[in-house]
Structure formats: structure tokens, C-alpha cells
Amino acid sequence: MESVSDTAAEVSATVDCEGDTDTFEKVKSKRSHKRKRDAAEVDMRPEETVVAAKRPQFPALSGDQLTGGTAEMRRVPVPAHRYSPLKENWMKIFTPIVEHLQLQVRFNLKTRNVEIKTCRETSDIGALTRAADFVKAFVLGFQVEDALALIRLDELFLETFEVTDVKPLKGDHLSRAIGRIAGKGGKTKFTIENVTKTRIVLADTKVHILGSFQNIKMARTAICNLILGSPPSKVYGNIRAVASRAAERF
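Let me begin by describing the structure that accompanies this report. (Residues numbered from 1 in each chain as written. Predicted model: local features only at pLDDT ≥ 70, side-chain atom pairs only at ≥ 80, totals over all residues. Heavy atoms only, no water.)

### Remarks on the packing of helix α13 (residues 213–227) against helix α14 (residues 232–249)
Here is step 1: Relative to each other, α13 and α14 sit at 165 degrees, their axes nearing to 10 Å. When the axis of α13 is compared with that of α14, the two are roughly antiparallel. The two elements α13 and α14 meet at a crossing, and its hand is right-handed. When α13 is examined against α14, the residues Q214, M218, A222, N225 and L226 are found in contact with a partner set consisting of P232, V235, I239, V242, A243 and R249. (Axes fitted to C-alpha atoms, helices over the stretch in contact; angles between N-to-C directions. Helix = DSSP H or I, 4+ residues; strand = E, 2+ residues; numbered from the N terminus. Parallel < 35°, antiparallel > 145°, perpendicular 65-115°, else oblique. Left-handed = near helix turned anticlockwise from the far one by under 90°. Contact = heavy atoms within 4.5 Å.)

### Examining the packing of aromatic side chains
Two descriptors summarise a pair of aromatic rings, namely the distance from one centre to the other and the angle between the planes of the rings.
Here is step 1: Tallying each qualifying case throughout the model produces two aromatic pairs.
Here is step 2: Considering the side-chain rings of Y83 and F107, the 6.3 Å spacing of their centres and the 65 degrees angle between planes classify their relative orientation as edge-to-face. Of the two residues, Y83 sits in helix α5 (residues 83–88) while F107 sits in strand β2 (residues 104–108), which places them 24 residues apart along the sequence.
Here is step 3: Judged by its relative accessible area of 26%, Y83 is partly exposed.
Here is step 4: You can call F107 partly exposed: its relative accessible area is 23%.
Here is step 5: When the ring of W90 is compared with that of F94, the centres are 6.4 Å apart and the planes differ by 40 degrees; the resulting orientation is tilted. (Phe/Tyr/Trp six-rings, centres within 6.5 Å; stacked < 30°, edge-to-face > 60°. Buried < 20%, exposed > 50% of the residue type's maximum accessible area, 1.4 Å probe, protein only.)

### What about the sheet that holds strand β3 (residues 113–117)?
Here is step 1: As summarised here, the arrangement of the three strands in space is β1-β3-β2, forming an open sheet in which the pairing is antiparallel. The sheet is open, and its two edges are formed by β1 (73–77) and β2, each paired on a single side. Ignoring which end each strand starts from, the neighbouring axes of this sheet average 20 degrees apart.
Here is step 2: As judged from the five bridges shared by β1 and β3, these two strands associate in the antiparallel manner. Paired with V76 across the strands is V114, a residue of β3. (Pairing = 2+ DSSP bridges.)

### Side note on helix α6 (residues 90–100)
Here is step 1: For α6, every residue scored as buried is listed here: I93, P96 and I97. Axial view of α6: buried residues confined to an arc of 95 degrees, hence all on one face. Exposed and facing more than 90 degrees away from the buried side of α6 are M91 and E99.
Here is step 2: Close packing links the buried residues of α6 with α5, β2, β3, α7 (127–140) and α9 (149–152).
Here is step 3: One or two steps after α6, the chain reaches Q102, where phi turns positive at roughly 55 degrees. (Arc of directions from axis to C-beta.)

### Overview of the nonpolar core
Here is step 1: Ranked by internal contacts, the top residues of the largest apolar core, which has 27 residues, are I93, I97, L103, V114, I116, F134 and V135.
Here is step 2: No other element matches the nine residues that α7 contributes to this core.
Here is step 3: Apart from the residues lying within four places of it in its own chain, the contact partners of V135 are V76, I93, I97, V114 and I116.
Here is step 4: Among the nonpolar cores identified, the runner-up in size contains 18 residues, and L174, I209, L226 and I239 belong to it. (Core = buried A, V, L, I, M, F, W, Y, C linked by side-chain atoms within 4.5 Å.)

In C-alpha cells, the structure reads:
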């Protein structure tokens, strides 16, 4: 009985005073009222609050301030067979490190290390790493002109691996694998360098590659195939196909 009376009260509330049930009042939702009110408030805001606040501009810090005033040093060991080339090309190594990177460099005769140190004039915090990579590339056997690209260009890397890392070879088998990488008169090595746009150094059983990440990957794949016994003609075709696809992609 109570539910029946409640429903009757609701129906009577919707009926107007004359008892006409055909006319009902349209109830407006509270959500629409709230949305309209919020939109009106946004429109009434001043333009200054709508515009995003600009980021503060701070002057660039010098290398001395970034390091906290303490000088950093890197040492690159030099093997005995690279003493003479280092002495002959010292000015070519010294000039870009001191003039372009504003670093201090010296060759320590006691420890046989090339020591590179930051100073107050050093503006780039990454200059020390670039200089160390440049000297390391020369010590590994690259020409000064090729190693200089590590200072001038970004995204260049050095990678080193041994022939025995690819396949455990010994004796004459190891010698033949190294000979397949070099080729007659260095032809195979030069071809891989030109196609992949890298520089390769063969030092006994070690292989050093200088180039960009993608180019190093192509050169490493070609060298690994030669070590595993693939004929050079097949390797040439593979790397030319990969290089052409990479050129079309970029």
C-alpha cells in the first residue's frame, strides 16, 4: 500500500494544476548546467592566464662550471710499435686537441701514456671523450686523417673483435682466414671499406672497425662471413645489396 501511494504522489506531482496529464515539465540535467558554467568561466578568463608560461632562459654553463672546477684526465696507453708513428704525427694529433677542443695533452715518457686533461678554456664537456677516442683510434693503427673524423663528426664509433671470437681457428686455418679478410694486395679489405663507408685495420688476429653504427654492422657481417669460409665474390654481392637497400631507405 505504501508503494502504491508513493507512485500516486509522483504522478500527481507531474500533473499540472488543471489536471492535464499531456503536458510534462522538461527537467534539465545538472551536468549540462555545470559544463556551460565551466565554459563561461574559461571564456571570462584574461588572456594572460590562458597563454602558457614561458620557460626561463639561463645562460649556458662553461666546461669548468660543469665539472665543478676540478680538472678531469684521460690516459691512453701506447704500445711499443706505435712510438715512432706517434712521434712523427705528434703535431697532427696535438693541434686539433689543443686548438679545437681547448684541452691540454702530453706524452708521459715514464708511463708511456698520452695524457689528456681539461682546463678553464674547455667549453664542451664531451671534448675529453672525443679526444681520448681520437688518440685511441690512432694508437690502434688508423691514419690521423681517418681518426680525426671522431672529433669532427658525431655518431662515429670504434669496434674491436678477434678472429677467434667468430670461429676458434688455429695454425694455418687462422692464417688463411686473415688472408681471406685482407685479400690479394688488400683488395678485399679496400672493397669492404668503400662499400660500407668504414675504415678497417687488421692487427694480427684483431679487427678494428671505425664508422657509424649501421656501417659497422654491415662491415662486421661481411668480415664474419669471410672468416666462416664464404668466397669473396658472394660477400661482395651481399654487402652491395645491403648497401643499396640502406641508400634507398635514407
